[in-house]
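If you want the building blocks of each chain, they are given just below.
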Amino acid sequence: MRFEDYKPTGRIKNKHMLTLMDYSSEEIFELLHCAVELKRKQYARERHDYLAGKTLAMIFEKSSTRTRISFEQGIRQLGGYPMFLSSRDIQLGRGEPIRDTVRVMERMNIDEIMIRTFKQSDLEELAEYGHIPVINGLTDDFHPCQVLADLLTVYEEFGTFTGKKLVFFGEGFNMANSLMLGCAKVGMDVTICSPAGLGPKQKIVDAARAAALGGAKVVVTDDINEAISGANAVYTDVFFSMGQEKDPAKEAALMPMQVNAEMMAKAAPDAIFLHCLPAHRGEEVTDEVMEGAQSRIFPEAENRLHAQKAVMYMLMKDN
Ligand code: CP
Ligand code: NVA
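Because the structure is predicted, anything quoted here is derived from the model rather than measured. (Residues numbered from 1 in each chain as written. Chains lettered and ligands numbered in written order. Predicted model: local features only at pLDDT ≥ 70, side-chain atom pairs only at ≥ 80, totals over all residues. Heavy atoms only, no water.)

Caption draft 1: Region of the structure containing helix H7 (residues 202-211). Among all positions in H7, only Ile-204, Val-205 and Ala-208 are buried. Buried residues of H7, seen end-on, are gathered within an arc of 105° and therefore sit on one face of the element. Residues of H7 that are exposed and angled more than 90 degrees away from the buried face: Lys-203 and Ala-210. (Buried < 20%, exposed > 50% of the residue type's maximum accessible area, 1.4 Å probe, protein only. Helix = DSSP H or I, 4+ residues; strand = E, 2+ residues; numbered from the N terminus. Arc of directions from axis to C-beta.)

So, in C-alpha coordinates, the structure goes:
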(Lines give C-alpha, C1' and ligand atoms only; values in the text may rest on other atoms or scores of the structure.)
(Ligands and ions follow the chains in the order given, each with its own letter.)
Protein backbone atom coordinates (compact mmCIF):
# COMPACT_ATOMS: atom_id res chain seq x y z
CA MET A 1 0.00 0.00 0.00
CA ARG A 2 1.39 3.39 -1.02
CA PHE A 3 0.00 6.77 -0.03
CA GLU A 4 -0.34 7.86 -3.65
CA ASP A 5 -2.60 4.83 -4.37
CA TYR A 6 -4.63 5.00 -1.14
CA LYS A 7 -8.39 5.64 -1.47
CA PRO A 8 -9.56 7.67 1.54
CA THR A 9 -12.75 6.74 3.41
CA GLY A 10 -12.99 10.06 5.27
CA ARG A 11 -13.04 8.25 8.60
CA ILE A 12 -10.61 7.29 11.35
CA LYS A 13 -11.36 5.10 14.36
CA ASN A 14 -9.21 7.07 16.80
CA LYS A 15 -10.87 9.57 19.06
CA HIS A 16 -7.65 11.19 20.29
CA MET A 17 -4.24 12.12 18.87
CA LEU A 18 -1.98 11.21 21.79
CA THR A 19 0.81 9.51 19.82
CA LEU A 20 1.28 8.00 16.36
CA MET A 21 1.81 4.70 18.23
CA ASP A 22 -2.01 4.43 18.27
CA TYR A 23 -2.43 5.23 14.58
CA SER A 24 -2.42 2.70 11.75
CA SER A 25 -0.84 3.46 8.36
CA GLU A 26 -4.38 3.86 6.95
CA GLU A 27 -5.33 6.39 9.62
CA ILE A 28 -2.19 8.44 8.95
CA PHE A 29 -3.00 8.34 5.22
CA GLU A 30 -6.56 9.55 6.00
CA LEU A 31 -5.16 12.54 7.90
CA LEU A 32 -2.62 13.36 5.19
CA HIS A 33 -5.28 13.13 2.48
CA CYS A 34 -7.50 15.43 4.48
CA ALA A 35 -4.59 17.87 4.97
CA VAL A 36 -3.89 17.94 1.21
CA GLU A 37 -7.57 18.64 0.51
CA LEU A 38 -7.90 21.35 3.18
CA LYS A 39 -4.74 23.02 1.89
CA ARG A 40 -6.16 22.95 -1.65
CA LYS A 41 -9.42 24.49 -0.42
CA GLN A 42 -7.62 27.23 1.45
CA TYR A 43 -5.50 28.15 -1.57
CA ALA A 44 -8.61 28.06 -3.81
CA ARG A 45 -10.50 30.18 -1.23
CA GLU A 46 -13.22 27.54 -0.99
CA ARG A 47 -15.33 27.56 2.17
CA HIS A 48 -14.38 24.92 4.72
CA ASP A 49 -15.94 26.14 7.96
CA TYR A 50 -16.87 22.58 8.95
CA LEU A 51 -16.36 23.17 12.67
CA ALA A 52 -18.65 26.21 13.04
CA GLY A 53 -19.78 26.56 16.63
CA LYS A 54 -17.06 24.26 18.02
CA THR A 55 -14.53 25.33 20.66
CA LEU A 56 -10.93 24.17 20.87
CA ALA A 57 -9.29 24.66 24.27
CA MET A 58 -5.49 24.99 23.99
CA ILE A 59 -3.55 24.32 27.20
CA PHE A 60 0.11 25.36 27.15
CA GLU A 61 2.53 24.36 29.91
CA LYS A 62 5.52 25.21 27.67
CA SER A 63 6.24 28.06 25.22
CA SER A 64 5.15 27.90 21.59
CA THR A 65 5.10 29.93 18.41
CA ARG A 66 4.11 27.53 15.62
CA THR A 67 1.80 25.26 17.59
CA ARG A 68 -0.14 28.10 19.13
CA ILE A 69 -0.48 30.10 15.92
CA SER A 70 -1.35 27.12 13.72
CA PHE A 71 -4.01 25.70 16.05
CA GLU A 72 -5.51 29.11 16.73
CA GLN A 73 -5.55 30.10 13.06
CA GLY A 74 -6.61 26.59 12.00
CA ILE A 75 -9.70 26.38 14.20
CA ARG A 76 -10.75 29.87 13.07
CA GLN A 77 -10.41 28.90 9.42
CA LEU A 78 -12.59 25.87 10.15
CA GLY A 79 -15.23 28.19 11.62
CA GLY A 80 -14.59 27.35 15.28
CA TYR A 81 -13.29 29.25 18.28
CA PRO A 82 -9.88 28.94 19.98
CA MET A 83 -9.54 29.29 23.74
CA PHE A 84 -5.91 29.87 24.80
CA LEU A 85 -5.19 28.64 28.32
CA SER A 86 -1.71 29.15 29.73
CA SER A 87 -0.94 27.00 32.75
CA ARG A 88 0.45 30.20 34.30
CA ASP A 89 -3.08 31.57 34.41
CA ILE A 90 -5.36 28.59 35.04
CA GLN A 91 -5.61 26.59 38.27
CA LEU A 92 -3.86 23.62 36.64
CA GLY A 93 -0.63 25.59 37.13
CA ARG A 94 -1.39 25.79 40.88
CA GLY A 95 -1.87 22.05 41.16
CA GLU A 96 -5.53 21.45 40.32
CA PRO A 97 -5.65 17.87 39.04
CA ILE A 98 -6.00 17.23 35.32
CA ARG A 99 -8.89 14.88 35.98
CA ASP A 100 -10.86 17.71 37.60
CA THR A 101 -9.90 20.24 34.94
CA VAL A 102 -11.13 18.06 32.09
CA ARG A 103 -14.46 17.29 33.74
CA VAL A 104 -15.05 21.02 34.26
CA MET A 105 -14.21 21.67 30.60
CA GLU A 106 -16.71 19.04 29.56
CA ARG A 107 -19.46 20.75 31.59
CA MET A 108 -18.63 23.98 29.76
CA ASN A 109 -19.10 22.33 26.34
CA ILE A 110 -15.48 22.38 25.20
CA ASP A 111 -15.40 20.24 22.03
CA GLU A 112 -11.69 19.43 21.71
CA ILE A 113 -8.52 19.94 23.78
CA MET A 114 -4.99 20.54 22.52
CA ILE A 115 -2.34 20.29 25.21
CA ARG A 116 1.41 20.97 25.26
CA THR A 117 2.96 19.57 28.39
CA PHE A 118 5.81 17.49 29.81
CA LYS A 119 4.46 14.06 30.72
CA GLN A 120 2.65 11.80 28.26
CA SER A 121 0.70 10.43 31.24
CA ASP A 122 -0.99 13.84 31.66
CA LEU A 123 -2.51 13.48 28.19
CA GLU A 124 -3.60 9.98 28.97
CA GLU A 125 -5.34 11.26 32.11
CA LEU A 126 -7.15 13.96 30.10
CA ALA A 127 -8.31 11.32 27.66
CA GLU A 128 -9.33 8.89 30.40
CA TYR A 129 -11.38 11.27 32.53
CA GLY A 130 -13.11 13.23 29.81
CA HIS A 131 -15.09 12.39 26.70
CA ILE A 132 -13.46 15.20 24.75
CA PRO A 133 -10.97 14.43 21.94
CA VAL A 134 -7.42 15.25 23.10
CA ILE A 135 -4.61 16.33 20.74
CA ASN A 136 -0.94 16.18 21.70
CA GLY A 137 0.69 19.55 20.99
CA LEU A 138 4.06 18.17 22.21
CA THR A 139 5.18 16.19 25.23
CA ASP A 140 8.65 15.02 26.19
CA ASP A 141 7.88 11.74 24.44
CA PHE A 142 6.05 12.70 21.24
CA HIS A 143 5.20 15.50 18.79
CA PRO A 144 2.76 13.81 16.38
CA CYS A 145 1.29 16.98 14.82
CA GLN A 146 4.76 18.16 13.83
CA VAL A 147 5.46 14.84 12.13
CA LEU A 148 2.21 14.94 10.15
CA ALA A 149 3.35 18.33 8.81
CA ASP A 150 6.80 16.90 8.09
CA LEU A 151 5.32 13.97 6.17
CA LEU A 152 3.13 16.32 4.16
CA THR A 153 6.26 18.34 3.28
CA VAL A 154 8.14 15.21 2.20
CA TYR A 155 5.18 14.08 0.08
CA GLU A 156 4.89 17.49 -1.59
CA GLU A 157 8.58 17.33 -2.45
CA PHE A 158 8.88 13.77 -3.72
CA GLY A 159 5.29 12.68 -4.53
CA THR A 160 5.86 9.44 -2.61
CA PHE A 161 7.27 7.99 0.60
CA THR A 162 8.25 4.71 -0.98
CA GLY A 163 12.00 4.29 -1.48
CA LYS A 164 12.77 7.55 0.34
CA LYS A 165 14.90 7.89 3.46
CA LEU A 166 14.77 10.41 6.30
CA VAL A 167 17.66 10.80 8.72
CA PHE A 168 17.30 12.50 12.09
CA PHE A 169 20.42 13.75 13.90
CA GLY A 170 20.00 14.32 17.61
CA GLU A 171 18.77 12.92 20.87
CA GLY A 172 16.13 10.18 21.09
CA PHE A 173 13.50 12.55 22.45
CA ASN A 174 10.06 13.71 21.24
CA MET A 175 11.01 14.46 17.61
CA ALA A 176 13.06 11.31 17.06
CA ASN A 177 10.31 9.15 18.55
CA SER A 178 7.50 10.60 16.47
CA LEU A 179 9.57 10.71 13.26
CA MET A 180 10.47 7.05 13.68
CA LEU A 181 6.84 6.04 14.06
CA GLY A 182 5.49 8.35 11.36
CA CYS A 183 8.07 7.51 8.70
CA ALA A 184 7.87 3.76 9.31
CA LYS A 185 4.08 3.78 9.15
CA VAL A 186 3.95 5.61 5.81
CA GLY A 187 6.58 3.26 4.34
CA MET A 188 9.62 5.54 4.39
CA ASP A 189 13.05 4.39 5.61
CA VAL A 190 14.12 6.24 8.74
CA THR A 191 17.49 6.44 10.51
CA ILE A 192 17.93 7.96 13.95
CA CYS A 193 21.54 8.99 14.46
CA SER A 194 22.24 9.74 18.13
CA PRO A 195 25.43 9.72 20.20
CA ALA A 196 25.90 6.57 22.31
CA GLY A 197 23.63 6.71 25.35
CA LEU A 198 21.31 9.35 23.83
CA GLY A 199 19.36 7.07 21.49
CA PRO A 200 15.59 6.51 21.52
CA LYS A 201 13.93 4.06 23.90
CA GLN A 202 14.02 0.49 22.61
CA LYS A 203 10.25 0.13 23.18
CA ILE A 204 9.56 2.86 20.62
CA VAL A 205 12.13 1.51 18.14
CA ASP A 206 10.47 -1.91 18.41
CA ALA A 207 7.00 -0.39 17.92
CA ALA A 208 8.16 1.47 14.79
CA ARG A 209 9.79 -1.67 13.38
CA ALA A 210 6.70 -3.78 14.08
CA ALA A 211 4.45 -1.26 12.30
CA ALA A 212 6.75 -0.44 9.36
CA LEU A 213 4.83 -0.41 6.09
CA GLY A 214 6.09 -2.30 3.04
CA GLY A 215 9.44 -3.24 4.54
CA ALA A 216 10.46 0.31 5.49
CA LYS A 217 13.73 0.19 7.45
CA VAL A 218 14.08 1.65 10.95
CA VAL A 219 17.76 2.08 11.84
CA VAL A 220 19.30 3.47 15.02
CA THR A 221 23.01 4.22 14.85
CA ASP A 222 25.77 6.52 16.04
CA ASP A 223 27.60 6.21 12.70
CA ILE A 224 27.17 9.61 11.01
CA ASN A 225 28.42 8.53 7.57
CA GLU A 226 26.15 5.49 7.47
CA ALA A 227 23.21 7.65 8.59
CA ILE A 228 23.59 10.44 6.02
CA SER A 229 24.29 8.13 3.09
CA GLY A 230 21.37 8.18 0.62
CA ALA A 231 19.19 10.42 2.82
CA ASN A 232 16.47 12.34 0.94
CA ALA A 233 15.39 14.33 3.99
CA VAL A 234 17.86 15.51 6.63
CA TYR A 235 16.27 16.51 9.95
CA THR A 236 17.62 17.86 13.20
CA ASP A 237 16.38 19.46 16.41
CA VAL A 238 17.81 21.59 19.23
CA PHE A 239 20.47 20.09 21.51
CA PHE A 240 18.42 21.06 24.56
CA SER A 241 14.66 20.67 24.49
CA MET A 242 12.24 22.68 26.61
CA GLY A 243 12.61 21.68 30.23
CA GLN A 244 16.13 20.22 29.79
CA GLU A 245 19.21 21.57 31.57
CA LYS A 246 22.22 22.65 29.46
CA ASP A 247 24.91 20.01 29.67
CA PRO A 248 28.39 20.59 28.12
CA ALA A 249 29.06 16.84 27.72
CA LYS A 250 25.83 16.37 25.77
CA GLU A 251 26.60 19.39 23.59
CA ALA A 252 30.07 17.99 22.81
CA ALA A 253 28.56 14.64 21.86
CA LEU A 254 25.96 16.24 19.55
CA MET A 255 28.22 18.82 17.88
CA PRO A 256 29.77 16.35 15.34
CA MET A 257 26.20 15.73 14.11
CA GLN A 258 25.67 19.39 13.20
CA VAL A 259 23.86 19.69 9.87
CA ASN A 260 26.19 21.91 7.82
CA ALA A 261 27.07 22.20 4.12
CA GLU A 262 29.57 19.35 4.39
CA MET A 263 26.90 17.08 5.91
CA MET A 264 24.30 18.03 3.27
CA ALA A 265 26.85 17.26 0.51
CA LYS A 266 26.96 13.63 1.75
CA ALA A 267 23.18 13.17 1.47
CA ALA A 268 21.30 12.22 -1.73
CA PRO A 269 21.63 14.89 -4.47
CA ASP A 270 17.91 15.74 -4.15
CA ALA A 271 17.98 15.96 -0.33
CA ILE A 272 15.93 18.53 1.52
CA PHE A 273 16.57 19.95 4.99
CA LEU A 274 13.84 19.91 7.62
CA HIS A 275 13.67 21.23 11.20
CA CYS A 276 10.69 21.44 13.51
CA LEU A 277 11.95 24.88 14.68
CA PRO A 278 12.83 26.86 16.65
CA ALA A 279 16.47 26.32 15.59
CA HIS A 280 19.72 27.38 17.20
CA ARG A 281 21.96 28.42 14.32
CA GLY A 282 25.57 27.46 14.92
CA GLU A 283 24.58 24.55 17.16
CA GLU A 284 22.54 21.73 15.57
CA VAL A 285 22.46 23.46 12.15
CA THR A 286 24.31 26.25 10.37
CA ASP A 287 22.75 29.44 9.09
CA GLU A 288 23.96 28.44 5.61
CA VAL A 289 21.84 25.27 5.62
CA MET A 290 18.81 26.99 7.20
CA GLU A 291 18.86 29.65 4.46
CA GLY A 292 20.14 27.39 1.64
CA ALA A 293 18.40 26.06 -1.46
CA GLN A 294 17.74 22.64 0.11
CA SER A 295 15.95 24.09 3.14
CA ARG A 296 12.19 23.53 3.35
CA ILE A 297 11.73 24.85 6.89
CA PHE A 298 9.10 27.47 6.10
CA PRO A 299 6.85 25.30 3.88
CA GLU A 300 7.22 22.72 6.67
CA ALA A 301 6.11 25.26 9.29
CA GLU A 302 3.16 26.26 7.09
CA ASN A 303 2.15 22.62 6.83
CA ARG A 304 1.56 22.58 10.60
CA LEU A 305 -1.56 24.61 9.81
CA HIS A 306 -2.89 22.25 7.14
CA ALA A 307 -2.01 19.02 8.98
CA GLN A 308 -3.59 20.20 12.22
CA LYS A 309 -6.74 21.41 10.51
CA ALA A 310 -7.04 17.82 9.28
CA VAL A 311 -6.52 16.45 12.79
CA MET A 312 -9.02 18.85 14.37
CA TYR A 313 -11.58 18.19 11.67
CA MET A 314 -11.27 14.40 11.60
CA LEU A 315 -11.46 14.10 15.40
CA MET A 316 -14.18 16.70 15.97
CA LYS A 317 -16.51 16.23 13.02
CA ASP A 318 -19.88 14.63 13.69
CA ASN A 319 -19.52 11.15 12.20
N1 CP B 1 7.77 23.11 16.09
C2 CP B 1 7.04 23.59 17.10
O3 CP B 1 6.26 22.87 17.73
O4 CP B 1 7.21 24.92 17.34
P5 CP B 1 6.67 25.74 18.59
O6 CP B 1 7.43 25.25 19.79
O7 CP B 1 6.96 27.16 18.27
O8 CP B 1 5.20 25.48 18.74
N1 NVA C 1 12.52 18.90 20.99
C2 NVA C 1 12.01 20.25 21.04
C3 NVA C 1 10.94 20.44 20.02
C4 NVA C 1 10.34 21.82 19.97
C5 NVA C 1 9.26 21.95 18.94
C6 NVA C 1 11.49 20.53 22.44
O7 NVA C 1 10.85 19.64 23.02
O8 NVA C 1 11.75 21.62 22.97
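Caption draft 2: Broad picture of the packing of aromatic side chains. Scanning all chains against the criterion turns up eight aromatic pairs. Geometrically, the ring pair formed by Phe-3 and Tyr-155 is edge-to-face, given 4.7 Å between the ring centres and 80° between the ring planes. Linking Phe-3 in the segment before helix H1 (25-43) with Tyr-155 in helix H5 (residues 144-158), this pair joins segments that are 152 residues apart in sequence. With relative accessibility at 21%, the residue Tyr-155 sits in the partly exposed group. Relative to Phe-161, the ring of Tyr-155 has its centre 5.9 Å away and its plane inclined at 40°; by these criteria the two rings are tilted. (Phe/Tyr/Trp six-rings, centres within 6.5 Å; stacked < 30°, edge-to-face > 60°.)

Caption draft 3: Molecular detail of the UniProt feature "binding site: L-ornithine" (unreviewed entry) in the protein. UniProt records the feature "binding site: L-ornithine" (unreviewed entry) at Asn-174, Asp-237, Ser-241 and Met-242, using the numbering of this structure. Annotated residues spanning 69 residues; largest pairwise C-alpha distance 11.5 Å, indicating a single compact cluster. In the annotated set above, the residues contributing to the lining of the largest pocket are Asn-174, Asp-237, Ser-241 and Met-242. Secondary-structure assignment places Asn-174 in helix H6 (residues 174-186). The contact partners of Asn-174, leaving out residues within four places of it in the chain, are Leu-138, Thr-139, Asp-140, Asp-141, Phe-142, His-143, Asp-237 and Ser-241. (UniProt positions renumbered as here; feature names shortened; annotations may be inferred. 1 Å grid on protein atoms, 1.4 Å probe; cavity = no way out; pocket = protein on both sides within 12 Å on 5 of 7 lines; lining within 4 Å. Contact = heavy atoms within 4.5 Å.)

Caption draft 4: Geometry of the environment of Gly-197. Turning to its location among the elements, Gly-197 is positioned in the loop between strand S6 (189-193) and H7. Through-space distance from the C-alpha of Gly-197 to that of Asp-222 is 9.6 Å; in sequence the pair is 25 residues apart.

Caption draft 5: Geometry of the site of ligand 2. With respect to spatial proximity, the complete set of residues near ligand 2 consists of Leu-138, His-143, Phe-173, Asn-174, Asp-237, Ser-241, Met-242 and Leu-277. Between a nitrogen atom of ligand 2 and a side-chain N or O atom of Ser-241, the distance comes to 2.7 Å. Here an oxygen atom of ligand 2 and a backbone polar atom of Met-242 are 2.8 Å apart. Protein contact buries 95% of the 270 Å² of open area that ligand 2 shows by itself. Using a 2 Å cut-off from the grid points, one finds that ligand 2 occupies the largest pocket. Here the shell around ligand 2 is built from residues that sort into four nonpolar, three polar and one charged. (Near = heavy atom within 4 Å. Polar contact = N/O pair within 3.5 Å; in protein donor to acceptor, adjacent residues only side chain to side chain. Areas by Shrake-Rupley, 256 points an atom, 1.4 Å probe, with all protein chains shown as cover. Sits in = over half its atoms within 2 Å of the grid points. Nonpolar A, V, L, I, M, F, W, Y, C, P; charged D, E, K, R; others polar.)

Caption draft 6: Main features of the pairing of strand S5 (residues 165-169). Counting buried positions along S5 yields five of five residues, so the element is predominantly enclosed. Burial of the side chains of S5 extends over both faces: Lys-165, Val-167 and Phe-169 are buried on one face and Leu-166 and Phe-168 on the other. Pairing analysis gives five bridges linking S5 to S6, with the strands arranged parallel. Across the sheet, residue Phe-169 finds its bridge partner in S6, namely Cys-193. After leaving S5, the chain enters H6 and then returns to the sheet as S6, a path that is right-handed. Pairing geometry for S5 and strand S8 (residues 233-236), over four bridges, is parallel. Opposite Phe-168, over in S8, you have Tyr-235 as the bridge partner. (Pairing = 2+ DSSP bridges. Right-handed = clockwise from strand over helix to strand, strands pointing away.)

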